[in-house]
Amino acid sequence: MITASIGRSFLNHYNQKNNLSLSAKEFFEEVFFKLFFDHPKYLYWVTNSPFVQMKKGQKPNTLSTAERLEKLRDLHQKIENNIIDASTAIGFSASEAKEFATTSGQVSDLVIDISSEDVYLSWIGGGLGIGVSGGQVILFDHPLVFDALLQGWQVYRDYLNDPAYEGLAGNKINSWNGQWIAHVFGRNYKPNDPLLNFKGLAADESGNIEVLVQSWLGVLLGLARKLPQPSLTGY
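Residues numbered from 1 in each chain as written. Predicted model: local features only at pLDDT ≥ 70, side-chain atom pairs only at ≥ 80, totals over all residues. Heavy atoms only, no water.

Regarding the overall build of the protein chain
1) Next: The helix and strand tally for the protein chain stands at eight helices and four strands.
2) Next: Overall, the protein chain shows an N-to-C arrangement of helices and strands of α-α-α-α-α-β-β-α-α-β-β-α.
3) Next: Relative to the globule expectation of 18 Å for 235 residues, the C-alpha radius of gyration of the protein chain, 18 Å, shows essentially globular dimensions.
4) Next: Principal-axis analysis of the C-alpha atoms places the extent of the protein chain at approximately 50 × 45 × 40 Å.
5) Next: A separation threshold of at least 6 residues defines the contact pool for the protein chain, and within that pool the share at least 24 residues apart is 66%.
6) Next: Only carbon and sulfur atoms are counted for the fraction: they give 49% of the accessible area of the protein chain, which is about 12600 Å².
7) Next: Computed over 20 positive and 24 negative side-chain charges, the separation of the two mean positions in the protein chain equals 5 Å. (Helix = DSSP H or I, 4+ residues; strand = E, 2+ residues; numbered from the N terminus. Rg over C-alpha atoms; globule rule 2.2 N^0.38 Å. Contact = heavy atoms within 4.5 Å. Areas by Shrake-Rupley, 256 points an atom, 1.4 Å probe, with all protein chains shown as cover. Lys, Arg positive; Asp, Glu negative; His and termini not counted. Charge placed at Lys NZ, Arg CZ, Asp CG, Glu CD.)

Details of the environment of Gly129
1) Next: Secondary-structure assignment places Gly129 in the loop between α5 (116–127) and β1 (130–132).
2) Next: Judged by relative accessible area, Gly129 falls into the buried class, the value being 0%.
3) Next: Distance in space between the C-alpha atoms of Gly129 and Phe27 is 18 Å, their sequence separation being 102 residues.
4) Next: With near-sequence residues (within four places) excluded, Gly129 lies in contact with Val137, Ile138, Leu139, Ile173, Asn174 and Asn177. (Buried < 20%, exposed > 50% of the residue type's maximum accessible area, 1.4 Å probe, protein only.)

Regarding the environment of Ile90
1) Next: When you line up the elements, Ile90 lands in the loop between α3 (65–80) and α4 (100–103).
2) Next: Remark: the alpha-carbon pair of Ile90 and Ser133, spanning 43 residues in sequence, is separated by 21 Å.
3) Next: Residues within four places of Ile90 in sequence aside, it is in contact with Thr3, Tyr44, Val46, Ser122, Trp123 and Gly126.

Remarks on the side chain of Arg157
1) Next: Along the polypeptide, Arg157 turns up in helix α6 (residues 143–161).
2) Next: Here Arg157 is buried and forms no salt bridge, its nearest opposite-charge partner Asp158 lying at an N-O distance of 7.0 Å.
3) Next: Within polar-contact distance, the side chain of Arg157 engages the backbone oxygen of Lys41 at 2.7 Å.
4) Next: Setting aside chain neighbours within four positions, we find Arg157 in contact with Leu35, Phe36, His39, Lys41, Tyr42 and Leu43. (Salt bridge = Lys/Arg side-chain N within 4 Å of Asp/Glu carboxyl O. Polar contact = N/O pair within 3.5 Å; in protein donor to acceptor, adjacent residues only side chain to side chain.)

Thoughts on helix α1 (residues 2–18)
1) Next: With 17 residues, α1 ought to run about 24 Å at 1.5 Å a step, and its terminal C-alpha atoms sit 24 Å apart, in line with that.
2) Next: When we look at burial in α1, the residues that qualify are Thr3, Ala4, Ile6, Gly7, Phe10, Leu11, His13, Tyr14 and Asn15.
3) Next: In this structure, the buried side of α1 is in contact with α2 (24–36), α5 and α6.
4) Next: Following α1 by one or two positions, Asn19 has its phi on the positive side, about 55°. (Expected span 1.5 Å × (residues − 1).)

Focus on the environment of Ala86
1) Next: Within the fold, Ala86 resides in the loop between α3 and α4.
2) Next: Given the relative accessible area of 34%, Ala86 is considered partly exposed.
3) Next: Separated by 141 residues in sequence, Ala86 and Leu227 have C-alpha atoms that sit 33 Å apart.

Some words on the nonpolar core
1) Next: Grouped together as the largest cluster of nonpolar side chains are 62 residues, with contacts concentrated most on Phe27, Phe32 and Trp123.
2) Next: Considering every element that reaches this core, the biggest residue donor is α6, with nine residues.
3) Next: Filtering out sequence-adjacent residues up to four positions away, Phe27 remains in contact with Phe10, Leu11, Tyr14, Leu22, Phe32, Ile124 and Trp153. (Core = buried A, V, L, I, M, F, W, Y, C linked by side-chain atoms within 4.5 Å.)

A short note on the packing of aromatic side chains
1) Next: For the coordinates displayed, the defined rule picks out 27 aromatic pairs.
2) Next: Note on Phe36 and Phe37: the rings are 6.2 Å apart at their centroids and 50° apart in plane angle, and the pair reads as tilted.
3) Next: A relative accessible area of 1% places Phe37 in the buried class.
4) Next: Both rings, one in Tyr159 and one in Trp176, keep their centres 5.8 Å apart while their planes meet at 65°; by these two values the pair is edge-to-face. (Phe/Tyr/Trp six-rings, centres within 6.5 Å; stacked < 30°, edge-to-face > 60°.)

Okay, here's the thing in structure tokens:
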């Protein structure tokens, strides 16, 4: 449930900074869904979630606004019906015990009370995951990290919606977060021109543009340079 814990810290910071009192569900609807899923290209691909379960003839990039809202309602309904597994809660285990061995780790048979608020918080926390080389995704609980990643979400969305970057792949939010953190916390970052010196994208000969995967060292050096405390736990 570390994703829910990080999501809670983020939302508390976001509400305090903006003098708001949004619940996790309200933030999910008003901010997260609109940035991540209410466009032809998603920021995040959550396997088996309602956002990627297509009806016959549907494709994510051709969904209408009404169809995308239907996916959102499907998620709400599953959560209300207490269907809590990897398809509805980020970082949670698969729904079938026989799948645990291949898709889930550290599964407990203890009964844990999980609220709908925790489920929505897990999506927020999952969107804050910082992807690094080696296939690792790291979560950090720090307000400066939260502010940087929230800014980065919007920048990634702007890139995906820009016709000049038509070849840019969606669904890479964790890799994007790694590049953005290394950039924003790097030596050459200019707050008044945030995209200056950004080198997180690369194009191939076919014109497709990919989000490069940042090294863990690039992320950690940036954090060490920017954050004041001597130690910070990464999950």
